[in-house]
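The lines below spell out each chain.
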Amino acid sequence: QVQLVESGGGLVLPGGSLRLSCAASGSIFSIYSMAWYRQAPGKQRELVAEITSGASTYYADSVKGRFTISRDNVKNTVYLQMNSLKPEDTAVYSCNSDLIATGAKGIDHYWGQGTQVTVSS
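Note that the structure is predicted; figures quoted are calculated from it, not measured. (Residues numbered from 1 in each chain as written. Predicted model: local features only at pLDDT ≥ 70, side-chain atom pairs only at ≥ 80, totals over all residues. Heavy atoms only, no water.)

A. Region of the structure containing the state of the cysteines. Taken as a whole and judged by the stated rule, the model has 1 disulfide. Across the disulfide from cysteine 22 sits cysteine 95; the S-S distance is 2.1 Å. Residues cysteine 22 and cysteine 95 are joined through a disulfide that is left-handed, its torsion about the S-S bond being -80 degrees. Of this pair, cysteine 22 sits in strand β3 (residues 18-26) while cysteine 95 is found in strand β9 (residues 91-101), placing the two residues 73 residues apart along the sequence. Judged by its relative accessible area of 0%, cysteine 22 is buried. (Disulfide = S-S within 2.5 Å. Helix = DSSP H or I, 4+ residues; strand = E, 2+ residues; numbered from the N terminus. Buried < 20%, exposed > 50% of the residue type's maximum accessible area, 1.4 Å probe, protein only.)

As structure tokens, then:
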């Protein structure tokens, strides 16, 4: 069984920083991509940032220059460093990974439980 567990959310002032972590554990054969999504109240879930096994990255236009995604392949962990946070960054942030579990026939998509990020004065 594979699990993704996020940590690092919380309440922060506008202009502040937070670092989210997501650790994948369990019977994992290979991890391809890891990503962060977010969903604000009343809005659709959106892709915030993604990093592939080859370290290629993607960022949503709204976070470019402020957020940085990175991964530790030994720890099967992905990080999201969020700087210069704005109230519109308030959302539930969820980790996603495309990976092959041990014994699986192909790539499956796994999600974490989500962590709340609130940017407010």
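After presenting the structure, the write-up continues.
B. Quick peek at the side chain of serine 97. As for its placement among the helices and strands, serine 97 is situated in strand β9. On the basis of relative accessibility, which here comes to 0%, the residue serine 97 falls in the buried class. Polar side-chain contacts of serine 97 include one of 3.2 Å to the backbone oxygen of serine 33. With residues near it in sequence (within four places) discarded, serine 97 still touches Leu4, Ile31, Ser33, Met34, Asp108, His109 and Tyr110. (Polar contact = N/O pair within 3.5 Å; in protein donor to acceptor, adjacent residues only side chain to side chain. Contact = heavy atoms within 4.5 Å.)

C. Structural view of the pairing of strand β11 (residues 115-119). Because side chains alternate across β11, one face comprises the buried residues Thr115, Val117 and Val119, and the other comprises Gln116 and Thr118, none of which is buried. Bridge count between β9 and β11: 3 bridges; the pairing is antiparallel. For tyrosine 93, the partnering residue across the bridge sits in β11 and is threonine 115. (Pairing = 2+ DSSP bridges.)

D. A look at the nonpolar core. Membership of the largest hydrophobic core comes to 31 residues, with the highest contact counts inside it found for Trp36, Leu80, Met82 and Tyr93. Elements with a minimum of two residues in this core: β1 (2-7), β3, β4 (28-39), β5 (46-51), β7 (67-72), β8 (77-82), β9 and β11. For this core, the element with the highest residue contribution is β9, accounting for 5 residues. Not counting chain neighbours up to four residues away, the residues in contact with leucine 80 comprise Leu18, Arg19, Leu20, Trp36, Val48, Ala49, Phe67, Thr68, Ile69 and Tyr93. (Core = buried A, V, L, I, M, F, W, Y, C linked by side-chain atoms within 4.5 Å.)

E. Looking closely at the packing of aromatic side chains. Evaluation of the coordinates by the stated rule reveals 1 aromatic pair. In this structure, arginine 19 packs its charged tip against the face of tyrosine 79, placed 4.1 Å from the ring centre. A cation over an aromatic ring shows up here: arginine 45 above the ring of tryptophan 111, its NZ or CZ 4.0 Å from the ring centre. (Phe/Tyr/Trp six-rings, centres within 6.5 Å; stacked < 30°, edge-to-face > 60°. Lys NZ or Arg CZ within 6 Å of the ring centre and 35° of its normal.)

F. Examining the sheet that holds β3 more closely. The 4 strands lie next to each other as β1-β3-β8-β7, forming an open sheet whose pairing is antiparallel. At either end of the open sheet lies a strand with only one pairing partner, and these are β1 and β7. Taking the axes of each pair of neighbouring strands and ignoring which way they run, one obtains an average angle of 15 degrees across the sheet. With 6 bridges connecting them, β3 and β8 associate as antiparallel partners. Looking across to β8, one finds that leucine 18 is bridged to methionine 82. (Axes fitted to C-alpha atoms, helices over the stretch in contact; angles between N-to-C directions.)

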